Amino acid sequence: MEKQIKVLITGATGKSGGAAIDELLKRGYPVRALVHQPDERSARLAAKGVEVVAGDLLNLDDIAAAMQGIDTAYLCYPVLVPGVLQATAYFAIAAKENGLNGIVNMSQISARREAKSNAAQDHWAGEQLLNATGIPTVHLRPTFFDDWFLYIRDLIRENNEIALPFGDGLWAPVDSADLGRVVAKVATNITAYAGQILRLYGPQEYSLAEMAAVISGELGRTIRYQPVTIAQFFERNAKRPASKYFIQHVTHVAEDCINGVFAGTNDLIETITGQQPETLSHFFRKNKAVFS
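Residues numbered from 1 in each chain as written. Predicted model: local features only at pLDDT ≥ 70, side-chain atom pairs only at ≥ 80, totals over all residues. Heavy atoms only, no water.

The name that an unreviewed UniProt entry assigns to the protein chain is NAD(P)H-binding protein, with the source organism given as Mucilaginibacter rubeus.

A.B. asks: Sorry if this is basic, but what is going on with the sheet that holds strand β4 (residues 72-75) here?
C.D. replies: The pairing of strands in a sheet happens through backbone hydrogen bonds and is either parallel or antiparallel. Ordered in space as β3-β2-β1-β4-β5-β6-β9, the 7 strands form an open sheet in which the pairing is parallel. A single partner strand is all that each edge strand has here, and the edge strands are β3 (51-54) and β9 (197-200). Neighbour-to-neighbour, the strand axes of this sheet turn through a mean angle of 20°, independent of strand direction. As judged from the 4 bridges shared by strand β6 (residues 137-142) and β9, these two strands associate in the parallel manner. Counterpart to histidine 139 in the pairing with β9 is isoleucine 197. Contacting β1 (7-10), β2 (31-35), β4 and β5 (102-106), helix α1 (residues 15-26) runs over the sheet at an angle of about 160° to β1. (Pairing = 2+ DSSP bridges. Helix = DSSP H or I, 4+ residues; strand = E, 2+ residues; numbered from the N terminus. Axes fitted to C-alpha atoms, helices over the stretch in contact; angles between N-to-C directions. Contact = heavy atoms within 4.5 Å.)

A.B. asks: Would you take a moment to explain the pattern of salt bridges for this structure?
C.D. replies: The final tally for this structure, using the stated rule, is 16 salt bridges. In this structure, lysine 6 and glutamate 51 form a salt bridge, with 2.7 Å as the shortest nitrogen-oxygen distance. Of the two residues, lysine 6 sits in the segment before β1 while glutamate 51 sits in strand β3, which places them 45 residues apart along the sequence. Taking relative accessible area as the criterion, lysine 6 reaches 18% and is therefore assigned buried. In this structure, the salt-bridge partner of arginine 236 is glutamate 161, at a minimum N-O distance of 2.5 Å. With a gap of 75 residues between them, arginine 236 in helix α11 (residues 230-236) and glutamate 161 in strand β7 (residues 161-164) connect regions that are remote in the sequence. Assessed through its relative accessible area of 10%, glutamate 161 is described here as buried. Residues participating in the shared-partner salt-bridge network are Lys6, Arg32 and Glu51. (Salt bridge = Lys/Arg side-chain N within 4 Å of Asp/Glu carboxyl O. Buried < 20%, exposed > 50% of the residue type's maximum accessible area, 1.4 Å probe, protein only.)

A.B. asks: What is the right way to look at the packing of aromatic side chains in this model?
C.D. replies: Here a ring pair, both rings aromatic, is described through the centre-centre distance and the interplanar angle of the planes. Scanning the model with the defined rule gives 16 aromatic pairs in all. Both rings, one in tryptophan 148 and one in phenylalanine 233, keep their centres 6.2 Å apart while their planes meet at 50°; by these two values the pair is tilted. With a gap of 85 residues between them, tryptophan 148 in helix α6 (residues 148-151) and phenylalanine 233 in helix α11 connect regions that are remote in the sequence. Exposure remark for phenylalanine 233: the relative accessible area of 0% places this residue in the buried category. Taken together, a centroid distance of 6.1 Å and an interplanar angle of 80° make the contact between phenylalanine 234 and phenylalanine 246 edge-to-face. With a gap of 12 residues between them, phenylalanine 234 in helix α11 and phenylalanine 246 in helix α12 (residues 244-258) connect regions that are remote in the sequence. As far as burial versus exposure is concerned, phenylalanine 234 and phenylalanine 246 are alike and both buried. Connected via pairs of aromatic rings, a cluster forms that spans Phe144, Trp148, Tyr151, Phe166, Trp171, Phe233, Phe234, Phe246 and Phe262. (Phe/Tyr/Trp six-rings, centres within 6.5 Å; stacked < 30°, edge-to-face > 60°.)

So this is what it looks like as structure tokens:
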């Protein structure tokens, strides 16, 4: 290994952040994890040898303190709640103050100037802010994660039904662990990817009817795809309360999905990580107990 790059991972107790940390540790890189508050998950990170600091991405002083002595940093802000643009602005300021050598930014495939989703447009605006710092920055734009199915796990488990508002839209689901491995590779080789927008897809594109067939095969029972409206989607998933912000986001990314914004696939994940990305079949095989 060349220079001992130290990486800051935000969203460290989440799935992509956790996978990035595991990959970095495996390769011998020192890692600092920014967590919202100490808990059992952060304790497990510390037990692995991760330097854990607590802080809020919506607090500039917290972010600036977390970046001291850091070479590259991964920004991952949750899509469920507002604040991504404020967090990105603070992240950009703190990165400049601390002289970072690189930033890896979690965006989304629907991020663009004309996006109707508040989160998608704010991710696009955040990309512009980070670019303006002059710090080498890489933007990751993944399609929908296979983790989406965990949000509707009750309906799959109890009703044998995939009820989603995405019509006949197509996408290639991305596994969050694959995304984490991409983060680790890019963060430790920032010059190779600086200035790029990396559109990340899973290995195979499906319609939801095709996904239902794959899932049926893995779970050993028939799972039906039931197209629903946005209102029906949130009514059926009332056990998982959603903010107005998240409802607005899902409303418009559903339109984007139907209109082909999420369609396509490529081999970027395999090219960057050196290993084949996880399949939808493997995700359901691995998580079969959750859906049974």
